[in-house]
Every structure is written in structure tokens, then in C-alpha cells.
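# Chains, contacts and geometry: an overview
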Amino acid sequence: MSTDERPRGSHAAERAAASAPAHVRGGARGDASGEPQGLLAEICGTRRLTDANTRDLRELGAAAAGRATPLHVVLADFFACAHRVRAGLGSSGREDDPSGTRDGAAVLLGVLGDSAVALSEGYETAHRAAIRREEAGRREFVDDLLEGRTPLGQLAERAERFGLRLVGPHRVAVARARTAFEAGAASTRYVEDGLTTRFGVEHVLITTKDGLLVCVASGAVAQVPELFAAQAGESVSEPCRVAVSRPRTGPSGIVRSYQEARRALDTATQLGLGAPVVNASDLLVFQVLGRDRAAISDLVVTVLGGLAQARGGPKALLETLTAYFAAGCRNTTTARRMGVGVRTVGYRIARIRELTGYDPTDPDQRYVLQTAVLGARLLGWPESPLPAAD
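Residues numbered from 1 in each chain as written. Predicted model: local features only at pLDDT ≥ 70, side-chain atom pairs only at ≥ 80, totals over all residues. Heavy atoms only, no water.

### Description of the overall build of the protein
Looking only at helices and strands, the protein features 15 helices and six strands. Every one of the 390 residues in the protein was classed for burial, and the buried ones make up 43%. Counting contacts in the protein only where the partners sit at least 6 residues apart, residues at least 24 apart contribute 67% of the total. Looking at the protein as shown, the accessible area adds up to about 20200 Å², and 52% of this sits on carbon and sulfur atoms. (Helix = DSSP H or I, 4+ residues; strand = E, 2+ residues; numbered from the N terminus. Buried < 20%, exposed > 50% of the residue type's maximum accessible area, 1.4 Å probe, protein only. Contact = heavy atoms within 4.5 Å. Areas by Shrake-Rupley, 256 points an atom, 1.4 Å probe, with all protein chains shown as cover.)

Here's what the structure looks like:
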């Protein structure tokens, strides 16, 4: 195509680019590394937005997102540049330039609006991709932190990227509700915003793992686990139980504390404890019992197996033993808590002594019975059958 045969808009674009001041002219076309003056001169001159223009504008938006420039600043700069280019078009002095007509102005405004949309689309697409990369990186870091899969030096270095300092002792708290906690959910954001706003990201890490809400708290702020428990309870409209580990030092200590908190949470659930917050240090004896399943199974079968001969099964007698020990071995208190008569409690205690051979009223035999009852609760007996004793 000869010079005279080119579209009329091409002449206008050339005049706009040539007549614009030096600081406005950015080159024949815009690109992601420079200002969009040349691109805008072409768009304003032709009064249309080509596919190539749209791609260039999206690249400009993506580049701005990569520089972390706020979108409102990007759009403000875009329209300021468009105004300068428009002024350059108006100063060309050519009669065939339609920019001064009402129809031409309307077309130009429409094209600039579409250009701003393309610019914003490129920015938002890149911004969302960056957020997904950040979330994926954070999730990988959390998994490595709680599972101990990365050398400690690398883990500490990565922690600094997320503002968390792994120096000094840390405690880990975990929360469980009927509905699983998920990353990005309203309940998770509520807890995270509340704690990080108060204590700062360098002292608190809130995340999710296997449906649990997890809080890694620096020992420098001792009240974090308690406030985490309160926030977690407020974030859901259903019962929520929290377990808190003992403090330990360093990244490896965080792994151990997380595992301890999870075990404490499972133990509290197995024992049916009513307290919404449990400390792992208070459940150590139960965890010791649970570590040797064969031994505790043997104890339960040997000591309590005879209760299976009771009419209606062992459940009522086990419940009586549990209430009896919780009441300080007092029949009256046990009867009141269970809602039965004192004579009923006395009868059941005698029946337990008869079936097991152990007397709950004898201090020397009481400990064996109480330990066996705790083991039965940990193992879920009598609902879950146990192997026969050796």
C-alpha cells in the first residue's frame, strides 16, 4: 500500500506522535517497559482499538502490577497521558482532524474507556496470579514448617519473607470445629486479622492444616494462645475446641509443639473432656497411656473385662466409676451428679468389686481401676472391641 493509500487515521496517528512534545512521545508503539505515549497517540489518532493495541495495554497493566503500583495510580497516569496526547492531536492544525467535532470526541472517549478496561484487565490478571503464587509459597512454607521437611537454616530464611521470626521459644495452638477451617475462609480471616493486628505478623502465624486452624505464637507474647482460643470460638457458630502445646525453641521445636497440640486435641476428644481449651501439659499422663496401646489394652481387658458380664453390659458401671472418681470417691456426690439414688451408687460399686476383683474404695486398688478406666476411654471400649489379654 502506498503512502497516499493508507487509512486516514494512520496520518492522524503519525501527526499526533510527531506533534506531541518530546516527553510525550514514547516510541512508535507502547510496551511493558516504557510509558504508553506512543501507543496512546496511535489509538487516539485512529479512533479504534486493535487486537495488538489491546495486547499492548494488557502488558502495560501487567508490568505495573509487577512493580506493585496501585491500580488507581496506573489509571490516573494513563488518563493524564491521554490528555497530553489529546492536546498534541489538537495542536496539529489540520482541517481534516476530526478531534474537535462532537462525534469525534464521543468516539475518542469510548476508545479511551475500552483502553482503560484492557489496561485494568492486564493489571488484575497479573495481580491475581501474583496472589496465587504468594499463597502457594506460603502454603508450602507452612507445610514445611509444621512437618519439618526443610533444613532449619533455609526454613528460618523463608520465614523472614513472611515476617515471622523463628528465634526464641514458640507455642502452637490448634482449633477444631465440626466444620473444617479453610484458608481464606471468613472464620480464618477473622482470627488472623484480629491477632496480627494486635501482635504483629512477626509474633503470630495463623494458618490452616488438615481442617484445623493453627496458631504459631512467639513466646514473647504469652497471651496469644488464650486470645487465639477466644477468637477461634467467636469465628464459628458451633462448638470449637483448642489445644495448646508447651513452649519449645527453634523451627524443630515448632514441629514438635504442633504434633503435641494435635495429640492433645485428639486425646481431649477421645476422653470427652468438656473444657473448650486444653493444655498439652495437663494431658501428659493420658498421652503416656496412649503410647503403648498393647499394654493399655491388656490392662483394660484384665481389670475391666469382667464388667462385660453385667446385665445390660459394662457401660453403666463404667460411667459410675468415672463419676465416682471425679467426685472424690464420695457416694453422695456421685449420686447427685448422675441423677440416681445413693443406694444405686452403693449397689453398683459393690457389683464392680464383685465382677472385677478390684475394690474402688480401697486406696491401693483404686489407682489400678482408675488407670484402667482412663485407658478404656482412650481406646473407646466397650464400643470398640479389644483383643484378649495374654
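What follows continues from the structure just given.
### A word on the environment of Thr-249
Looking at the element boundaries, Thr-249 is found in strand E5 (residues 248-249). Along the backbone, Thr-249 and Val-167 are 82 residues apart, and their C-alpha atoms lie at a distance of 7.4 Å. Discounting residues that sit within four places of it in the chain, Thr-249 has contacts with Gly-168 and Pro-169.

### Description of the confidence of the model for the protein
Summarising the model, the protein shows a mean pLDDT of 81, and 85% of its residues fall at 70 or more. At the level of individual helices and strands, the protein shows its lowest average pLDDT in helix H1 (residues 8-19), which scores 40, and its highest in strand E4 (residues 240-244), which scores 95. Counting interchain partners and residues more than four positions distant, the pLDDT-below-50 stretch residues 1-34 has 53 contacts. (pLDDT = per-residue confidence, 0-100.)

### Brief notes about the packing of aromatic side chains
Each aromatic ring pair is described using two quantities: the centre-to-centre distance and the angle formed by the ring planes. A full pass over the atoms with the stated rule returns two aromatic pairs. Centre to centre, the rings of Phe-78 and Phe-79 are 5.1 Å apart; their planes meet at 80°, and the pair counts as edge-to-face. Judged by relative accessible area, which is 3%, Phe-78 ranks as buried. With relative accessibility at 39%, the residue Phe-79 sits in the partly exposed group. (Phe/Tyr/Trp six-rings, centres within 6.5 Å; stacked < 30°, edge-to-face > 60°.)

### Re the pairing of strand E3 (residues 212-218)
Extensive coverage of E3 is indicated by the burial of seven of its seven residues. Strand direction decides the pairing type here: strand E1 (residues 169-177) and E3, joined by six bridges, are antiparallel. Across the sheet, Ala-175 pairs through a bridge with Leu-213, a residue of E3. Both strand E2 (residues 204-209) and E3 contribute to a ladder of six bridges, which runs antiparallel. Across the sheet, the residue bridging to Thr-207 is Val-214, located in E3. The turn joining E2 and E3, which pair antiparallel and follow one another in sequence, is formed by two residues; a positive phi near 55° is taken by Asp-210. (Pairing = 2+ DSSP bridges.)

### Things to note about the packing of helix H7 (residues 186-199) against helix H8 (residues 224-235)
Closest axis-to-axis distance for the H7/H8 pair is 9 Å, and the angle between their directions is 150°. When the axes of H7 and H8 are compared, the pair comes out roughly antiparallel. The hand of the H7/H8 crossing is right-handed. In contact with Ser-187, Tyr-190, Val-191, Gly-194, Leu-195, Arg-198 and Phe-199 of H7, H8 contributes Val-224, Leu-227, Phe-228, Gln-231, Ala-232, Glu-234 and Ser-235. (Axes fitted to C-alpha atoms, helices over the stretch in contact; angles between N-to-C directions. Parallel < 35°, antiparallel > 145°, perpendicular 65-115°, else oblique. Left-handed = near helix turned anticlockwise from the far one by under 90°.)

### Describing the side chain of Arg-171
Checked against the element boundaries, Arg-171 lands in strand E1. For the buried Arg-171, no salt bridge is present, and the opposite-charge side chain at shortest range is Glu-226, 4.1 Å distant. At 2.9 Å, the side chain of Arg-171 and the backbone oxygen of Ala-222 are in polar contact. The residues touching Arg-171, leaving out its near neighbours within four places in the chain, are Cys-215, Val-216, Ala-217, Ala-222, Pro-225, Glu-226, Val-244, Ser-245, Arg-246 and Pro-247. (Lys, Arg positive; Asp, Glu negative; His and termini not counted. Salt bridge = Lys/Arg side-chain N within 4 Å of Asp/Glu carboxyl O. Polar contact = N/O pair within 3.5 Å; in protein donor to acceptor, adjacent residues only side chain to side chain.)

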